[in-house]
Structures are given as C-alpha cells and as structure tokens.
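# Coordinate inspection notes
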Amino acid sequence: MADDEFSKELDVAVRVVHLACYLCQRLQESLLSNAGDHVRAKDDDSPVTVADFSVQAIVSWVLSESFGSENVSIVAEEDAEILSGANSLGLLKAVVDTVNECVTKAARFGLKCPNKALDSSQVLEAISRCDSTGGPTGKYWVLDPVDGTLGFVRGNQYAVALALIKDGEVVIGVLGCPNYPMKKDLLNHHHLSSHTSQNISTSWEKGCILYAQRGSGKAWMQPAVSGDEGIDLMTSATLVRVSGIEDPSLATVCEPVERANTSHSFTEGVAQSVGLSKQPLRVYSMVKYAAIARGDAEVYMKFARTSYKEKIWDHAAGVLIVQEAGGMVTDAGGRPLNFSRGIYLEGLDRGIIACSGAILHEKIIGAVYGSWESSHL
C-alpha cells in the first residue's frame with residue numbers, strides 16, 4: 001500500500017470493497033433463484049436489490065468507524081426512502097439480515113466488527129448518511145454499491161466501485177469485479193456479455209479487485225477472497241498495465257449492454273471509420289474500465305443519448321484506475337472528465353472515450369468529429 005497522506009484511506013477502501021464483493025457473491029445466486037422481496041424498481045424503473053442497499057450500508061458504516069462519521073462524506077446512488085415504505089418491510093429485513101451476516105466476517109478482511117448486531121435504524125442511518133452532493137472543494141467518497149444492477153440480477157457482470165475525491169480530483173479508485181476472472185485466458189465474449197443464471201456457480205472463476213492512487217503510475221489487482229480465506233493486501237496484489245496494441249484492426253472495443261441510455265449505432269459508425277473491426281464486447285458496469293486497465297481490451301466508448309446525464313459514481317473509480325495503468329480517458333472532445341461539479345459529469349462533450357494509449361485515442365477522437373455531423377443523437 002502507498003505510504004503517503006491517503007495510505008489509510010486506500011487500505012480501508014480496498015478492504016471494504018473486498019468485503020462488499022464477498023457479500024455480493026453470496027447474494028447473487030440466491031437472488032436469481034428467488035427474487036421475491038429482494039428486488040424493487042426505482043423511479044427510473046431500474047432495479048435495486050438487497051445487495052445495493054447492503055453494500056451501501058456496510059461501506060458507510062466501515063468508513064465511519066474507520067475515520068469518524070464527522071469526517072466522512074459520501075456521494076452514493078441509493079436512497080433509503082425506498083426502504084421506508086410499508087411495502088418494503090421484507091426488503092428492509094433482508095437488508096438488515098444481510099448486513100449483519102456480512103459484518104461478522106469483517107475482521108477476516110482486517111476491518112472492525114460491531115460489538116452487537118446492527119438494528120434497522122442503524123442500517124437506515126448508514127444508508128442515509130450517504131447524502132453528499134460532491135462539488136469542487138473538500139474530501140468525499142463516491143460509491144456505486146452495485147454498478148450494473150441489471151447485470152447483477154441477470155447473473156452477469158457487475159462491479160462495486162468506490163473512489164475518494166479531494167477538491168474535485170479523484171485520488172483513490174477501487175473497483176471490485178466479483179464475476180471477472182483473474183486469468184485472461186478464461187475471458188471470452190460469453191463470459192463478459194451472455195452469462196446466464198443457470199451456470200453461474202460453476203463457470204465463473206474467482207473475481208478480482210483493482211485499485212490505484214493518483215500520481216502513482218501504477219494500478220494493482222488482487223483476487224477476490226471469501227470470508228473464510230482472509231486477505232493479505234501485501235502479497236496478493238499484482239501490477240496491471242494497459243495493452244500495447246496500437247493497430248485499430250487488432251483492438252477490442254467495450255461498449256454498454258443497455259440501449260436505453262447509449263447509442264450503439266453511433267459507436268458502430270465510429271468503430272468502422274477508425275477500422276475497429278473486431279466484434280465488440282458489450283459489458284455491464286464498470287467492468288469495462290477493468291478490461292482496459294488489465295489489457296484485455298483497448299477501447300471503451302459511450303455516447304449517451306441527449307436526455308441522459310452521466311453520474312460521477314459510474315466512472316470515478318474506473319477512470320483513475322485506467323489512467324494509472326497507463327491509459328487515457330476523456331470526453332469525446334478530448335477533454336478530461338470533470339468530477340468537481342456535483343453528482344453529474346457536467347459539461348461532458350458528447351460522450352466518454354477510454355483507450356489503452358494515445359495513438360488509438362487520437363484516431364477515435366478524430367473519427368468522432370468526422371461522424372458527429374451525420375448522427376441523430
């Protein structure tokens with residue numbers, strides 16, 4: 001772990017993301033087989049699950065216990081109000097039970113355990129504590145408890161994403177990918193984009209956790225661990241680096257699965273213009289950033305439809321990890337992403353482009369400018 005002003009924050013962040021991934025791995029199969037009260041729809045009709053709320057509660061509680069609640073500010077996705085209605089009693093009970101079952105394993109991850117079981121009011125308080133709106137000054141955490149919830153409920157890829165922002169700049173990024181195998185030779189299109197719940201327990205290999213600190217020029221990866229194994233942060237980490245491929249015809253492109261908030265047709269047009277001829281990997285969640293950072297893919301493009309606004313929790317951790325692994329991430333105009341303007345990536349020019357290197361990045365930026373005029377985004 002790094003030896004500087006953020007060393008403790010990085011250590012705790014990596015440990016709590018490991019713990020959160022342990023929780024998610026245990027929940028995913030059971031939720032797929034018996035969703036029931038464990039899934040609700042948010043106002044935008046996107047699903048929210050026991051895992052979303054449980055991870056947010058655990059991360060909030062651990063950070064507050066580690067640094068003092070008065071010193072912790074968190075921007076996070078889920079709203080405890082969903083758990084407060086009379087029709088959500090089953091969901092709330094499942095969240096409280098899950099949180100308590102999980103935190104009993106905290107010591108094996110090098111984290112503090114509560115003295116006694118947390119009650120529903122304490123769990124709701126931990127979730128509600130994540131009410132920061134970010135901004136250009138101060139220090140605050142940014143959490144997406146289960147990024148790619150749709151992938152989670154379908155037995156596919158998802159991620160736990162935690163970042164620390166100071167004065168508008170991401171300084172720590174941790175990305176837990178419970179279903180993303182450590183070994184590159186286990187990756188294929190099926191594993192990333194067409195997995196099914198029927199064989200989840202047998203075909204996924206152990207997942208991974210990636211992390212980085214700004215200015216280090218390094219990104220690290222560890223195997224996800226179970227609560228029975230414990231965690232050794234010093235010996236289990238390996239360096240990851242972006243791919244050295246510069247030829248577009250050899251490059252692999254990642255793009256979102258969902259069509260609701262992105263334009264696959266425009267992405268396909270840009271890819272064709274540049275000469276990106278390989279079949280794209282359509283992947284749920286920030287696992288796309290992990291693929292770029294690890295060198296498993298070279299390009300990630302997302303061009304949002306006009307009405308969609310990108311949130312900082314969907315990108316903060318992944319962007320830093322790619323950058324420290326040697327890659328580039330900008331908007332489609334070539335400008336750095338701005339995390340200092342609240343919960344949204346305000347001022348975003350058309351879309352987001354992450355690349356393994358400057359040559360591919362320059363070619364794609366040029367293709368975007370050439371294709372934009374004829375698009376209907």
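Residues numbered from 1 in each chain as written. Predicted model: local features only at pLDDT ≥ 70, side-chain atom pairs only at ≥ 80, totals over all residues. Heavy atoms only, no water.

## Considerations on the packing of helix α2 (residues 50-67) against helix α3 (residues 89-103)
For the pair α2 and α3, interaxial distance at closest approach is 9 Å and the crossing angle is 50 degrees. With respect to each other, α2 and α3 are oriented oblique. In the crossing of α2 with α3, the sense of the turn from one axis to the other is right-handed. For the pair α2 and α3, the contacting residues are Val50, Phe53, Ser54, Ala57 and Ile58 in the first and Leu91, Ala94, Val95, Thr98, Val99, Cys102 and Val103 in the second. Looking at the contact of α2 with α3 residue by residue, the class counts come to 10 nonpolar, two polar and no charged. (Axes fitted to C-alpha atoms, helices over the stretch in contact; angles between N-to-C directions. Helix = DSSP H or I, 4+ residues; strand = E, 2+ residues; numbered from the N terminus. Parallel < 35°, antiparallel > 145°, perpendicular 65-115°, else oblique. Left-handed = near helix turned anticlockwise from the far one by under 90°. Contact = heavy atoms within 4.5 Å. Nonpolar A, V, L, I, M, F, W, Y, C, P; charged D, E, K, R; others polar.)

## A short note on the side chain of His18
Tracing the chain through its elements places His18 in helix α1 (residues 7-33). Among the polar contacts listed, one links the side chain of His18 to the side chain of Gln222, at a separation of 2.7 Å. (Polar contact = N/O pair within 3.5 Å; in protein donor to acceptor, adjacent residues only side chain to side chain.)

## Considering the sheet that holds strand β13 (residues 328-331)
Strand order in the open sheet made by the five strands is β11-β10-β12-β14-β13, with mixed pairing throughout. Where the open sheet ends on each side, the last strands, each with one partner, are β11 (281-282) and β13. Both β13 and strand β14 (residues 352-355) contribute to a ladder of four bridges, which runs antiparallel. Note that in β14 the partner of Thr330 across the bridge is Ile353. Lying on the sheet, helix α9 (residues 287-294) is in contact with β10 (253-255), β12 (299-302), β13 and β14; it crosses β12 at an angle near 150 degrees. (Pairing = 2+ DSSP bridges.)

## Section: the confidence of the model for the protein
Taken over all residues, the pLDDT of the protein has a mean of 87, while the share at 70 or more is 84%. Between residues 194-204, whose pLDDT stays under 50, and residues either more than four places distant or in other chains, the model counts 25 contacts. (pLDDT = per-residue confidence, 0-100.)

## With respect to the sheet that holds strand β9 (residues 238-240)
Pairing within the open sheet is mixed, and its seven strands lie in the order β3-β4-β5-β6-β7-β8-β9. Each edge of the sheet is formed by a strand with only one pairing partner; in this case those strands are β3 (74-76) and β9. Across the sheet, the mean angle separating the axes of adjacent strands is 20 degrees when strand polarity is ignored. Alignment of strand β8 (residues 219-223) against β9, held across three bridges, turns out to be antiparallel. Paired with Ala219 across the bridge in β9 is Val240. Each of β5 (159-166), β6 (169-177), β7 (208-213) and β8 is contacted by helix α10 (residues 316-324), which is oriented at about 100 degrees to β6, the strand it contacts most.

## Considerations on the pattern of salt bridges
Applying the stated criterion across every chain yields a total of 13 salt bridges. As a salt-bridge pair, Glu5 and Lys166 come within 3.5 Å of each other at their nearest N and O atoms. One end of the pair, Glu5, is in the segment before α1; the other, Lys166, is in strand β5, with 161 residues separating them in the sequence. Given a relative accessible area of 56%, Glu5 falls into the exposed group. (Salt bridge = Lys/Arg side-chain N within 4 Å of Asp/Glu carboxyl O. Buried < 20%, exposed > 50% of the residue type's maximum accessible area, 1.4 Å probe, protein only.)

## Topic: the pairing of β6
Burial of β6 is extensive: eight of the nine residues sit out of reach of the surface. One ladder, built from seven bridges, connects β5 with β6; its direction is antiparallel. Bridge assignment links Leu164 to a residue of β6, and that residue is Ile172. The loop that links β5 with its antiparallel partner β6 comprises two residues; one of these, Asp167, has a positive phi angle of about 50 degrees.

## Comments concerning the nonpolar core
Within the largest apolar cluster, 65 residues are counted, with the highest numbers of intra-cluster contacts made by Cys24, Ile58, Trp141 and Val174. Looking at which element gives the most residues to this core, the answer is α1, with 14 residues. Counting residues in hydrophobic clusters, the runner-up holds 45 residues, among them Cys177, Met221, Trp313 and Ile321. (Core = buried A, V, L, I, M, F, W, Y, C linked by side-chain atoms within 4.5 Å.)

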